[in-house]
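# Summary of the model geometry
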Amino acid sequence: MRKVLLSGVFSLCGFAATAEPVVIAALGDSLTQGYGLLPEQGFVAQMQRWLDTQGADVRLINAGVSGDTTAGGAARVAWTLTPDVDGMIVALGGNDLLRGLDPAMSRGNLTQIMEAAKSSDVAVLLVGMQAPGNFGAEYKAEFDTIYPDLAGQYQSLFFPSFFEGLSDEPDPAAVRKWMQHDGIHPNPEGVARIVSAMGPHVIELAQSVR
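To keep things clear, this report deals only with the structure shown in the data block.

Conventions we followed
Residues numbered from 1 in each chain as written. Predicted model: local features only at pLDDT ≥ 70, side-chain atom pairs only at ≥ 80, totals over all residues. Heavy atoms only, no water. Helix = DSSP H or I, 4+ residues; strand = E, 2+ residues; numbered from the N terminus. Buried < 20%, exposed > 50% of the residue type's maximum accessible area, 1.4 Å probe, protein only. Contact = heavy atoms within 4.5 Å. Areas by Shrake-Rupley, 256 points an atom, 1.4 Å probe, with all protein chains shown as cover. Core = buried A, V, L, I, M, F, W, Y, C linked by side-chain atoms within 4.5 Å. Pairing = 2+ DSSP bridges. Axes fitted to C-alpha atoms, helices over the stretch in contact; angles between N-to-C directions.

Within the protein chain, the regular secondary structure consists of 9 helices and 5 strands. Reading the protein chain from its N end, one meets helices and strands in the order α-β-α-α-β-α-β-α-α-β-α-α-β-α. Here the protein chain, with 210 residues, has 46% of them falling under the buried criterion. Contacts in the protein chain between residues far apart in sequence, at least 24 positions, make up 77% of those at least 6 positions apart. When the accessible surface of the protein chain is totalled, it reaches about 10200 Å², and 58% of it is carbon and sulfur.

If you look at the biggest cluster of nonpolar residues, it comprises 60 residues, and the most contacted ones within it are Ile24, Phe43, Met47, Leu51, Met88, Ile113 and Met198. Of all the elements, helix H9 (residues 188–209) adds the most residues to this core, at 9 residues. When near neighbours in sequence (up to four residues on either side) are disregarded, Ile24 contacts Val58, Arg59, Leu60, Ile61, Gly87, Met88, Ile89, Val202, Leu205 and Ala206.

What follows deals with the sheet that holds strand E2 (residues 58–64). Read from one edge of the open sheet, 5 strands run E2-E1-E3-E4-E5, paired in parallel fashion. Single-partner strands in this sheet number two, and they are E2 and strand E5 (157–159). Sheet twist, expressed as the average angle between the axes of neighbouring strands with direction ignored, equals 20°. Pairing of strand E1 (residues 22–28) with E2 involves 7 bridges; the strand directions are parallel. Within the sheet, the bridge partner assigned to Val23 lies in E2 and is Arg59. Packed onto the sheet, helix H4 (residues 70–80) meets E1, E2 and strand E3 (87–91) and runs at close to 160° relative to E1.

Listed below in structure tokens is the structure:
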């Protein structure tokens, strides 16, 4: 929106406005950062190539920090949202689950992130995360509702799960072939499937900015 307004000012002043790429920051943890992968194999690098092949005029910024929780994301969102950032992919919460953090705390942190984006007039694609069953049904229900609730509250785009592209396997055990040895992080082929599933939503995010 900020770039659109600036373009309008240039046009009114008689200057030719040159379209700039939509800049999208991917705020996340090791899944976004590309843990265990070569730089060109990570989520942001592969998503950038996918967008390029689609002819999307988008530039991605890797704002993933390995080990980050929603609290870490909330602490650094202000300096992630530089004036050139038009949109943001928010993919946080996996480390909250690994540590068994209180879902109410995770919700509060993600709310801070969404508020920061709203204040900066930055569009958001919120990526969901689902809790495993080992914390109990009540914990899972409370955590899993955070993301769709916030997407509805802030009228943001919503992608149900970072691992959506891996969930179409008829045999859950088959997902292992798309994962690294730790069973947590996707391998390059797994990232490619994730990118194919999420990519159209990133294009929609960019179009909402335009």
